[in-house]
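Secondary and tertiary structure notes
What follows is the residue order along each chain.
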Protein chains: 2
Amino acid sequence: MNLAKLTTSDFLEGIYANNVAIVSKAITIVESTKPEHRVLANEIIAGCISKKYDTIRIGITGVPGAGKSTFIEEFGGMLTDFGKKVAVLTVDPSSSRTKGSILGDKTRMENLVKNPNAYIRPSASSASLGGVTRKTRESIVILEAAGFNCILIETIGVGQSETAVHDMVDFFLLLKLAGAGDELQGIKRGIIEMADAIVITKADGDNMQRTDLAKMEFARALHMFPPKENGWTPEVLTCSALEKKGLNEIWELIDNYCKNMQTSGFFTTNRQQQNENWLIQYLEQELLSEFYHHPKTKEMLPQLKKEVISGNASPFLAAEKLLKALKEQ
Amino acid sequence: MNLAKLTTSDFLEGIYANNVAIVSKAITIVESTKPEHRVLANEIIAGCISKKYDTIRIGITGVPGAGKSTFIEEFGGMLTDFGKKVAVLTVDPSSSRTKGSILGDKTRMENLVKNPNAYIRPSASSASLGGVTRKTRESIVILEAAGFNCILIETIGVGQSETAVHDMVDFFLLLKLAGAGDELQGIKRGIIEMADAIVITKADGDNMQRTDLAKMEFARALHMFPPKENGWTPEVLTCSALEKKGLNEIWELIDNYCKNMQTSGFFTTNRQQQNENWLIQYLEQELLSEFYHHPKTKEMLPQLKKEVISGNASPFLAAEKLLKALKEQ
């Protein structure tokens with residue numbers, strides 16, 4: 001089949017049949033910035049979105065060096081042993097790392113990349129978080145229509161991307177490395193509160209004592225947080241991807257979470273809420289982008305900002321001046 | 001003087017002279033929703049904003065019952081003993097409580113209300129957080145131009161209002177009650193991370209052991225957080241407003257914080273950043289409000305939302321449909 005000449009129904013047929021070459025091509029179309037590809041992408045998404053399977057979307061975050069790739073390699077492999085079809089996406093809007101990570105992820109996950117029940121797709125190379133977010137969300141729609149029922153979404157916990165990933169998953173996992181001097185490792189404020197579970201990685205060999213201590217300290221810290229709205233109390237686990245220890249317990253925890261949330265109805269309402277958020281966020285992002293690209297805004301805003309920052313103009317009056325100028329256009 | 005017939009320069013003269021009746025009237029003008037008052041309000045703000053004094057803005061949050069009013073009564077009184085001029089504002093967009101709090105705050109702060117160097121102003125009764133936020137920010141501008149150099153801004157820590165208050169202050173204080181069964185007391189997730197200090201209140205009598213334990217537990221929990229960008233490590237203190245214990249230590253901590261942040265330059269850049277944020281937030285809020293009030297949006301959005309929530313339409317395609325319809329108007 002000539003992949004370059006596929007019609008929308010060729011794409012949909014291929015996706016429904018879990019044809020990985022066509023799935024890949026469809027994601028490339030979604031990632032493309034060419035207008036003619038956008039039309040095709042919209043048709044593909046429209047054809048995929050109504051396919052309903054039971055799937056689980058798991059976000060995985062942690063600073064570089066926390067062992068994300070090694071964890072995903074072993075955890076993803078285990079899930080395929082359980083009969084799951086696993087897709088791995090990465091969200092990372094920082095282009096410099098993206099360029100390296102295509103090769104990097106694939107070599108660091110050398111078993112998973114050869115696994116017939118797994119599919120690994122590195123981050124789209126769009127520079128903006130909004131762009132990457134949209135592409136990732138649309139890729140999830142395609143992958144789920146293709147029958148992948150475990151979607152692992154990896155992100156690096158240093159920017160805004162982990163909030164974006166948190167907003168597109170059912171379960172959010174924070175990987176931490178113990179014994180790196182302190183337990184903080186520059187992780188962004190707020191991430192700990194988003195986590196449904198914290199996993200202390202590299203719990204093997206000499207490191208065992210440190211991981212046990214870190215586990216205790218985090219469990220104590222989590223205890224100080226208010227309960228989540230869904231009633232879930234985040235847990236702290238340890239694992240060794242090297243010795244393949246603790247992975248099964250992590251899956252059991254996630255599976256238990258899903259069963260609980262399906263029973264309570266939160267699983268469904270959370271996804272519905274996420275869908276609505278995507279709509280609203282995208283609308284507002286487009287509206288504001290138009291405003292900031294308006295010639296009048298570009299002309300007036302820098303000077304107004306300067307006056308406001310120096311404390312010589314009221315922020316509200318400055319805003320009203322600009323809004324009035326826009327209306328008089 | 002007939003307060004009803006004041007001109008802009010009457011207002012400004014009175015404010016500069018710390019005439020409390022005129023300050024009150026000016027805040028009422030700022031809070032008014034009448035268009036003719038808006039013009040006057042804008043002129044007053046423009047005349048006040050360029051007045052530059054050294055002031056400190058302190059946000060104080062905590063759940064109902066945490067002892068905010070009693071704390072502010074004693075803490076504010078102490079600050080006037082130190083020669084400060086203290087103004088107290090409350091931010092509370094929930095109208096039901098607002099209606100009660102005008103009387104409530106004044107009777108609960110019976111000494112402060114009679115103190116010639118203190119000024120207490122309960123929340124504006126606007127229903128929207130955006131409205132209350134603007135009015136509070138403009139009230140701060142007026143109060144500082146009138147020579148109040150300690151602005152205490154009280155908020156109830158259960159909604160979005162504490163984030164709004166955090167964005168308008170130099171120092172953010174979280175009051176907690178120990179021994180209320182658990183340490184969580186329904187406080188909103190994320191507030192602990194915003195606090196520059198946590199104060200365990202009612203550290204007196206039988207309660208001492210519980211407050212000491214709570215202090216230790218919070219200090220341990222705070223230790224698990226990543227450091228703040230300004231390098232400040234939040235501290236946990238205890239106080240008894242009843243026995244007037246610990247209040248001096250809290251002021252010393254805040255004063256020490258201010259001196260540190262003035263030396264590092266963070267104090268100034270933080271206020272500049274807040275000014276810029278106010279401009280941007282207000283602009284975006286006005287633009288989005290216009291969008292949501294547009295007849296086309298009102299006509300199309302509910303149905304699009306329904307399709308998106310049920311998973312039968314892509315959020316992105318739904319958004320594009322609405323944006324296109326707006327452009328074709």
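Below or above, wherever it landed, is the structure these notes cover. (Residues numbered from 1 in each chain as written. Chains lettered and ligands numbered in written order. Predicted model: local features only at pLDDT ≥ 70, side-chain atom pairs only at ≥ 80, totals over all residues. Heavy atoms only, no water.)

Considerations on the overall build of chain A
Test applied: Note on conventions: DSSP H or I runs of at least 4 residues are helices, E runs of at least 2 residues are strands, and numbering of each starts at the N terminus. Burial here depends on accessible area, computed with a 1.4 Å probe over protein chains only, as a share of the maximum for the residue type. Under 20% is buried, over 50% is exposed, and the range in between is partly exposed. Should any heavy atoms of two residues lie within 4.5 Å, those residues are counted as being in contact. Here, Shrake-Rupley sampling with a 1.4 Å probe gives the accessible areas, and only protein chains in the shown set may cover a residue.
When helices and strands are tallied, chain A shows 14 helices and 7 strands. Buried positions account for 55% of the 329 residues belonging to chain A. A fraction of 75% describes how many contacts in chain A between residues 6 or more apart in sequence connect residues 24 or more apart. Roughly 14300 Å² of accessible area belongs to chain A as shown, and the carbon and sulfur atoms make up 53% of that amount.

Observations regarding the side chain of B:Asp170
Residue and element names in this part refer to chain B. To keep things clear, this is the line we draw: Whenever a nitrogen or oxygen atom comes within 3.5 Å of another N or O atom, the pair is scored as a polar contact, on the condition that within protein one atom can donate a hydrogen and the other can accept it, and that pairs from neighbouring residues in sequence are kept only if both atoms are in side chains.
For Asp170, the position within the fold is in the loop between helix H8 (161-166) and strand E5 (171-177). A polar contact is formed between the side chain of Asp170 and the side chain of Arg271, at a distance of 2.8 Å. If we ignore the near neighbours within four places in the chain, the residues touching Asp170 are Thr55, Ile56, Arg57, Asp196, Tyr257, Phe267 and Arg271.

Focus: the nonpolar core
What counts is decided by this rule: The nonpolar core is taken to be a set of buried Ala, Val, Leu, Ile, Met, Phe, Trp, Tyr and Cys residues, with the residues joined through side-chain atoms within 4.5 Å.
Membership of the largest hydrophobic core comes to 100 residues, with the highest contact counts inside it found for A:Ile15, A:Ile44, A:Ile142, B:Ile15, B:Ile44 and B:Ile142. Ignoring sequence-local partners within four residues, the contact set of A:Ile15 consists of A:Ile22, A:Val23, A:Ala26, A:Ile44, A:Cys48, A:Ile142, A:Ala145 and A:Ala146.

Topic: the packing of helix H12 (residues 266-292) of chain A against helix H14 (residues 315-327) of chain B
Quick note on the threshold: Here the axes come from fitting lines to C-alpha atoms, over the contacting stretch only for helices, and the angles between their N-to-C directions go from 0 to 180 degrees. Any angle from 65 to 115 degrees is called roughly perpendicular, while one under 35 is roughly parallel, one over 145 is roughly antiparallel, and all others are oblique. Definitions for this section: a left-handed crossing has its near helix turned counterclockwise from the far helix by less than a right angle. A right-handed crossing has that turn clockwise.
Between H12(A) and H14(B), whose axes approach to 8 Å, the crossing angle comes to 40°. The angle between H12(A) and H14(B) falls in the class oblique. Where H12(A) crosses over H14(B), the handedness of that crossing is right-handed. When H12(A) is examined against H14(B), the residues A:Asn275, A:Trp278, A:Leu279, A:Tyr282, A:Leu283, A:Glu286, A:Leu287 and A:Glu290 are found in contact with a partner set consisting of B:Pro315, B:Phe316, B:Ala318, B:Ala319, B:Glu320, B:Leu322, B:Leu323 and B:Lys327.

Some words on H14(B)
Here is the rule: Expected span of a helix, by definition, is 1.5 Å for each gap between consecutive residues, and there is one gap fewer than residues.
Between its first and last C-alpha atoms H14(B) spans 19 Å; for 13 residues at 1.5 Å apiece the expected length is 18 Å, and the two agree. Every buried residue of H14(B) is listed here: B:Pro315, B:Phe316, B:Leu317, B:Ala318, B:Ala319, B:Leu322, B:Leu323, B:Ala325 and B:Leu326.

Points about the relation of the copies chain A and chain B
Stated precisely, the cut-off is as follows: Copy-to-copy superposition: least squares on the C-alpha atoms, limited to residues that have pLDDT of at least 70 in both copies.
The transform that puts chain A on chain B rotates by 180° and translates by 0.0 Å along the axis, for an RMSD of 0.0 Å. The two molecules are tied by a two-fold rotation axis, judged by turn and shift. Taking C-alpha positions as the reference, the residue of chain A nearest the rotation axis is A:Ala221, at 2.4 Å. Counting the interface residues of chain A, we find that 100% of their copies in chain B are interface residues as well, pointing to one common contact surface.

Brief notes about the interface of chain A and chain B
One widely used convention gives an interface's size as the accessible area the parts lose upon coming together. Selection rule: Two parts lose some accessible area (1.4 Å probe) when they are put together, and adding that loss for both gives the buried area. We count a salt bridge whenever a side-chain nitrogen from Lys or Arg sits within 4 Å of a carboxyl oxygen from Asp or Glu. Residue polarity follows a fixed list, in which Ala, Val, Leu, Ile, Met, Phe, Trp, Tyr, Cys and Pro are nonpolar, Asp, Glu, Lys and Arg are charged, and the others, Gly among them, are polar.
With 61 residues of chain A in contact, the opposing surface of chain B contributes 61 residues. Taking both sides of the interface into account, the surface hidden between chain A and chain B amounts to around 5800 Å²; carbon and sulfur atoms contribute 70%. In this assembly, chain A and chain B are joined by 6 salt bridges. When the shortest N-O distance is used, the salt bridge between A:Glu290 and B:Lys327 registers 3.3 Å. Applying the counting criterion to the chain A and chain B interface returns 16 residue pairs in polar contact (both at pLDDT 80 or more). When residues of the side of chain A that touches chain B are traced back to their parent elements, those giving at least two are helix H3 (35-49), helix H7 (129-145), helix H9 (191-194), helix H10 (208-223), H12, helix H13 (295-309) and helix H14 (315-327) of chain A. With 15 residues, the top contributor of residues to the side of chain A that touches chain B is H12(A). Residues belonging to the side of chain A that touches chain B are distributed by class as follows: 33 nonpolar, 10 polar and 18 charged.

Quick word on the sheet that holds strand E2 (residues 86-91) of chain B
Residues and elements named next belong to chain B. Spelled out, the test is: Two strands are counted as paired when DSSP detects at least two bridges linking them.
If you walk across this open sheet you meet the 7 strands as E3-E2-E4-E1-E5-E6-E7, and the pairing is parallel. Two strands close off the open sheet at either side, each with one partner strand: strand E3 (118-121) and strand E7 (235-238). Strand-to-strand, the axes of this sheet are offset by a mean angle of 20°, without reference to chain direction. Examined bridge by bridge, E2 and E3 share 4 bridges and lie parallel to one another. From the neighbouring strand, Ala87 faces E3, where its bridge partner is Tyr119. Lying over the sheet, helix H7 (residues 129-145) contacts strand E1 (56-62), E2, E3 and strand E4 (150-156), oriented at roughly 175° with respect to E2.

Describing the sheet that holds strand E1 (residues 56-62) of chain A
Residues and elements named next belong to chain A. The sheet built from 7 strands is open, its strands ordered E3-E2-E4-E1-E5-E6-E7 with parallel pairing. Both outer strands of the open sheet, strand E3 (118-121) and strand E7 (235-238), are each paired with one neighbouring strand and no more. Across the sheet, the axes of successive neighbouring strands diverge by a mean angle of 20°, strand direction being ignored. In terms of strand pairing, strand E5 (residues 171-177) meets strand E6 (residues 197-201) through 5 bridges, oriented parallel. The residue of E6 that forms the bridge with Leu175 is Val199. Packed onto the sheet, helix H4 (residues 68-81) meets E1, strand E2 (86-91), E3, strand E4 (150-156) and E5 and runs at close to 175° relative to E4.

Some points on the pattern of salt bridges
Using the criterion set out here, one finds 28 salt bridges over all chains in the structure. Here A:Arg57 ties to A:Glu144 by a salt bridge, and the two come within 2.8 Å at their closest N and O atoms. Highlighted residues: A:Arg57 in strand E1 and A:Glu144 in helix H7, separated in sequence by 87 residues. Here the two residues A:Arg57 and A:Glu144 agree in accessibility, since each one is buried. When salt bridges that share partners are traced, they join A:Arg38, A:Arg134, A:Glu138 and B:Glu320 into one network.

The values reported here are purely geometric and, on their own, carry no functional implication.
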